[in-house]
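Understanding the architecture of this molecule
Read off the chains here:
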Amino acid sequence: MTRKKLEELVDGLGKKKDGLFLGGGSAAIEKQHQGGKMTARERIHVLLDRDSFEEVDLFVEHRSDRFGLGEKSLPADGVVTGFGTVDGRPIFVYSQDFTVIGGSLGEMHAKKICKIMDMALKVGAPVVGINDSGGARIQEGIDSLSGYGQIFFRNTRSSGIIPQIAVIAGPCAGGAVYSPALMDFIFMIEGISKMFVTGPQVVKAATGEEVSAEELGGAHTHATKSGVAHFVLKNEDACFGEVKKLLAYLPSNNAEEPPYRESSDPVARSNPSFLEVVSTNPNKPYDIKKIIVDLVDRDSFLEIQRDYARNMVIGLARMGGNTVGIVANQPYHLAGCLDIDTGDKASRFIRFCDAFNIPLVTLVDVPGFLPGTNQEFGGIIRHGAKILYAYSEATVPKITVIIRKAYGGAYLAMCCRDLGADLVLAWPTAEIAVMGAEGAVNIIFRREIDASLDTNVEREKLLAQYRQEFYNPYEAAKRGYVDQVIDPRETRFKVARALEIFWSKRENGRGKKHGIIPV
Ligand code: HXC
């Protein structure tokens, strides 16, 4: 072949690529931009390290001839797939191109996504899926549905082996929502993301309810009501920035340790503010986040599901440069009680940390499970059981700090020694009891109170006696349920040291197939 012919072929390749890079064309791209959205390729470039993206399957085409599709060319079949790096670490990515037939998912579109997922699993690197799609490509019928099935299968089989992150950067409707739901974290963008199983029109037809798409499945709804969204950001730039931030805490796969990040914050730094934050008045709430941010390495706390089940705070952070998972009761909301939603929030996070070798630090100030018919009828028994299950199952290092209240079943649920905590630390303010004084005294001293001349005086006397006996950490420490009672100001140092020592902990399971988490 002559040099000239070769050059023609290479030019031809360039032209073909340039054509395909335009996706649905300039007008469709313009429309995408006008909606405050980036294109599929722009999103990848914002997410990945500069010039690191290697696209695969650019030339894939659909094979359908139904409903006029035969005459249509769909560049890259509506999804951009490939690999690259984020902060120098490998990552696999797919990004649906709404400018091409609404990013709808047909047979080949799905095959491209599956190929990327298979590569990621083989390599042991995270997958980020950027969703912007009208759902199953209607013209391709059952092949589209099969495509989703193949993705769900891979989502599940990859779960706990590689981190999977879903960005909802447009509509995500019907069964399509279940791929993100099977992944580990869902990012949504205000005003842009929509997720629902059935859209507003179907809802109206089925139930008569009138609801806007935003109210039904927008970012705010999923951040506050359903708990489906883990992170909500104001715009796409901020969203991809946050994805990168999250990835920096995570190992690439379950056989690796999370990445270490040099910290200038000494682990021996004392926490004088802790004496100011917590009140010994058990009815006075305080913000547990003030404790968390001062406990962990400076500016390292990344809160997850911030606006959902706010009576519990979860998030990733670093201690001495290493990733840890924080699970904490929040006395500011519902007095920090455990309820149905915290059951989901905490157990999912604990299992994620356990799967990816992230030690757990649990901060306890919990008066109990939330009482009421709503909770009982809603299944607080099985939802609460998820926390017990997740902590008991977790084999990563587990360090527990009891700050104030630790009552009853909720004490047990918040990673007590009996659920396998490796080290339980308690502040002198800790109150470890079967229940709070009021409830306890009314039950065990009912006769004495009724028989007394002045019931109020008698009750107060008995309350004081109960508090004296149980509102302290020493009863538990006497029996070894608490390993150390510590000066609150030493908490950071004590937790960091415990993590350092228990880092090398190894526990092997009994080789069962898997347990049955109470869902
Ligand atoms: C084929 C589709 C499509 C789909 C959109 N398009 N969704 N083509 N299959 N599912 C095409 C449109 O025909 C249009 O093509 C282009 O994409 C852009 O769509 P518009 O409607 O013009 O855009 P917009 O007004 O922004 O509305 C976006 C939308 C709407 C809200 C997503 O398109 C929509 O409601 N689509 C259908 C959503 C849906 O019901 N999907 C099926 C869900 S069931 P042209 O050629 O005009 O540019 C499902 C089952 C999955 O997904 C089950 C998995 C187990």
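Above this text is the structure in question.
Note that the structure is a prediction, hence the values are computed from the model and not measured.

**Concerning the packing of aromatic side chains**
Per the counting criterion, the structure on display carries 10 aromatic pairs. Taken together, a centroid distance of 5.7 Å and an interplanar angle of 50° make the contact between phenylalanine 83 and phenylalanine 92 tilted. On the basis of relative accessibility, which here comes to 31%, the residue phenylalanine 83 falls in the partly exposed class. Look at phenylalanine 92 and you get buried, because its relative accessible area is 6%. A ring pair is formed by tyrosine 407 and tyrosine 471, whose centres lie 5.9 Å apart and whose planes are at 20°; its orientation type is stacked. Residue tyrosine 407 is found in strand 14 (residues 398–407), and its partner tyrosine 471 is found in the loop between helix 19 (455–470) and helix 20 (474–478); the two are separated by 64 residues along the sequence. A residue is classified by how much of its surface remains accessible, and tyrosine 407, at 6% relative accessible area, is buried.

**Description of the sheet that holds strand 1 (residues 54–56)**
Spatially, seven strands are ordered 1-2-3-4-5-7-9 in an open sheet, and the strand pairing comes out mixed. One side of each edge strand has no neighbouring strand; the edge strands of this open sheet are strand 1 and strand 9 (231–233). Averaged over all pairs of adjacent strands, the angle between strand axes in this sheet comes to 20°, irrespective of strand direction. Across three bridges, strand 7 (residues 185–189) lies against strand 9 in parallel orientation. Residue pairing in the sheet places methionine 188 in a bridge with valine 232 of strand 9.

**Observations regarding the environment of isoleucine 161**
Tracing the backbone shows isoleucine 161 in the loop between helix 5 (141–158) and strand 5 (164–168). A residue is classified by how much of its surface remains accessible, and isoleucine 161, at 33% relative accessible area, is partly exposed. Taking the C-alpha atoms as reference points, isoleucine 161 and alanine 125, 36 residues apart in sequence, are found 9.0 Å from one another. Look past the residues within four positions of isoleucine 161 in its chain and what remains in contact with it is Leu121, Ser252, Asn253, Asn254 and Phe356.

**Regarding the site of the ligand**
What surrounds the ligand is a group of 16 residues, the closest being Gly102, Gly134, Ala136, Ile138 and Gln139. At 2.6 Å from a nitrogen atom of the ligand is found a main-chain nitrogen or oxygen belonging to glycine 134. Here a nitrogen atom of the ligand and a backbone polar atom of isoleucine 138 are 3.1 Å apart. Taken by itself the ligand offers 1000 Å² of open surface, and the protein chains cover 51% of this. If you list the elements that add at least two residues to the shell around the ligand, you get helix 5 and strand 6 (171–173). In terms of residues, the shell around the ligand owes the most to one element, helix 5, which gives three residues. Grouping the amino acids of the shell around the ligand by side-chain chemistry returns nine nonpolar, six polar and one charged.

**Quick notes on the pattern of salt bridges**
If you walk through the whole model with that rule in mind, you get 33 salt bridges. Put simply, glutamate 55 and arginine 41 hold a salt bridge, and the shortest N to O gap is 2.6 Å. In this pair, glutamate 55 sits in strand 1 while arginine 41 sits in helix 3 (residues 40–47), placing the two residues 14 residues apart along the sequence. One salt-bridge network, held together by shared partners, links Asp265, Arg269, Asp294, Asp297, Arg298 and Arg492.

**Focus on unusual backbone geometry**
The backbone of aspartate 77 shows a phi angle near 50°, a positive value even though the residue is not glycine. Relative to the helices and strands, aspartate 77 is located in the loop between strand 1 and strand 2 (79–86). Even without glycine at this site, alanine 335 takes up a positive phi of about 55°. If you trace the backbone, alanine 335 turns up in the loop between strand 12 (322–329) and helix 13 (340–355). Judged by its relative accessible area of 37%, alanine 335 falls in the partly exposed class.

**Thoughts on the environment of glutamate 507**
With respect to the helices and strands, the residue glutamate 507 is situated in the segment after helix 21 (491–502). The class of glutamate 507 is partly exposed, set by a relative accessible area of 43%. Note: C-alpha distance between glutamate 507 and valine 396 (111 residues apart in sequence) is 8.1 Å.

**Topic: the state of the cysteines**
The tally for this structure, following the rule as stated, stands at zero disulfides. You can see cysteine 172 has no disulfide; the closest cysteine sulfur is in cysteine 239, sitting 13 Å from it. Note on cysteine 172: relative accessible area 3%, which makes it buried. Relative accessible area serves as the criterion here: at 0%, cysteine 239 is assigned to the buried category.

**Concerning the packing of helix 13 against helix 15 (residues 380–393)**
Helices that pack against each other are described as a pair by the angle of their axes relative to one another and the distance between those axes. Contact geometry of helix 13 with helix 15 gives a least axis separation of 8 Å together with a crossing angle of 20°. With respect to their mutual orientation, helix 13 and helix 15 come out roughly parallel. Note that helix 13 runs across helix 15; the crossing there is left-handed. Contacts from Ile340, Thr342, Gly343, Asp344, Ala346, Ser347, Ile350, Arg351 and Asp354 of helix 13 reach helix 15 at Ile380, His383, Lys386, Ile387, Tyr389, Ala390, Tyr391 and Glu393. Looking at side-chain class alone, the contact of helix 13 with helix 15 contains eight nonpolar, four polar and five charged residues.

Each value, and the rule that gives it
- Along each chain, numbering runs from 1 in the same order as the chain's sequence is written.
- Given that the model is predicted, a residue must reach a pLDDT of at least 70 before its local features are reported, and side-chain atom pairs must reach 80 or more before they are shown or counted; all residues, however, enter totals for whole chains, interfaces and linings.
- Neither water nor hydrogens contribute to the side-chain values; these are computed over all heavy atoms in the structure.
- The rule is short: rings of Phe, Tyr and Trp, with Trp giving its six-membered ring, pair when the centres are within 6.5 Å, and they are stacked under 30 degrees, edge-to-face over 60, tilted in between.
- Residue burial is assigned from relative accessible area. The probe radius is 1.4 Å, only protein chains are included, and a residue is buried under 20% of its type maximum, exposed over 50%, and partly exposed in between.
- Helical segments are the DSSP runs of H or I of at least four residues, strand segments are the runs of E of at least two, and each set is numbered from the N terminus.
- Paired strands, as defined in this entry, are two strands with at least two bridges between them according to DSSP.
- Angles shown run from 0 to 180 degrees and are taken between the N-to-C directions of axes, each axis being a line fitted to C-alpha atoms and, for helices, limited to the stretch in contact.
- In what follows, a contact means two residues having at least one pair of non-hydrogen atoms within 4.5 Å.
- Nearness is judged by heavy atoms alone; a residue qualifies as near a molecule or strand once a single heavy atom is within 4 Å of it.
- Counting of polar contacts relies on pairs of N or O atoms within 3.5 Å, with two restrictions inside protein: one atom must be capable of donating a hydrogen and the other of accepting it, and residues adjacent in sequence are counted only when both atoms are side-chain atoms.
- Computed with the Shrake-Rupley method and a 1.4 Å probe, the accessible areas treat only the protein chains shown as cover for residues.
- Lys, Arg, Asp and Glu make up the charged group, whereas Ala, Val, Leu, Ile, Met, Phe, Trp, Tyr, Cys and Pro make up the nonpolar group; the residues left over, Gly among them, are polar.
- Just to be clear on terms, a salt bridge is a Lys or Arg side-chain nitrogen sitting within 4 Å of an Asp or Glu carboxyl oxygen.
- What counts as a disulfide here is a pair of cysteine sulfur atoms lying within 2.5 Å.
- When describing relative orientation, an angle under 35 degrees is termed roughly parallel and one over 145 degrees roughly antiparallel, while 65 to 115 degrees is termed roughly perpendicular and anything else oblique.
- Should the near helix be turned anticlockwise from the far one by less than a right angle, the crossing is left-handed, and should it be turned clockwise, the crossing is right-handed.

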